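For reference, the chains in residue letters:
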Amino acid sequence: MKKLTSENREDFLEYYHGLHDSSIKEMHVDLQNAKIELEIDVFWSGKPTLKKEGTYETNKTKIHLVFKHIHQFFYKELTAYDYIEDAYINDVKVDGEKFICFATDKDEPQIYIICKEIEYEDIKEDGQI
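These notes cover the structure that comes with them. (Residues numbered from 1 in each chain as written. Predicted model: local features only at pLDDT ≥ 70, side-chain atom pairs only at ≥ 80, totals over all residues. Heavy atoms only, no water.)

1. A short note on the pairing of strand E9 (residues 111-123)
For E9, the buried fraction is high: 11 of the 13 residues fall into the buried class. Bridge count between strand E1 (residues 2-4) and E9: 3 bridges; the pairing is antiparallel. Looking across to E9, one finds that Lys2 is bridged to Tyr120. Taken together, the 12 bridges between strand E6 (residues 61-75) and E9 define a ladder with antiparallel strand orientation. Directly across from Phe67, in E9, lies its bridge partner Ile118. (Buried < 20%, exposed > 50% of the residue type's maximum accessible area, 1.4 Å probe, protein only. Helix = DSSP H or I, 4+ residues; strand = E, 2+ residues; numbered from the N terminus. Pairing = 2+ DSSP bridges.)

The structure is reproduced here in structure tokens:
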């Protein structure tokens, strides 16, 4: 797994197009270990290519995100029709301590998580990483 940090978050958001049109398929919350795992079906990744018929090949994939040392999290009831518009990932300070904030939207998130560490992996359609 790769760490998602202040240094690579812009590259992550650019490569996965801000997770635009993506959807959360699974969420596992482990409060005892202060850990949350998300599996996201990503609609756009890498550089889309224009096909002959005028549509884009968006390079769909899945990513597995692991949030460790959770400080705070919130989620609204999710439905099958909920999609991420533009994910927000940024450093935040809480009581003078540095954390990472992940949210499915900056203004009205379905999910937001404030934690110390985020790791991720790209899971290809055939299950290979």
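So, next bit.
2. A word on the pattern of salt bridges
Note on pairing: side chains with opposite charge can pair once their charged atoms come close. Within the structure shown, the criterion is met by 10 salt bridges. The residue Asp91 makes a salt bridge to Arg9 at a minimum N-O spacing of 3.4 Å. Here Arg9 lies in helix H1 (residues 9-15) and Asp91 lies in strand E7 (residues 88-94), a separation of 82 residues in the sequence. Using a relative accessible area of 13% as the deciding quantity, one classes Arg9 as buried. (Salt bridge = Lys/Arg side-chain N within 4 Å of Asp/Glu carboxyl O.)

That's the geometry; what it means functionally is another story.
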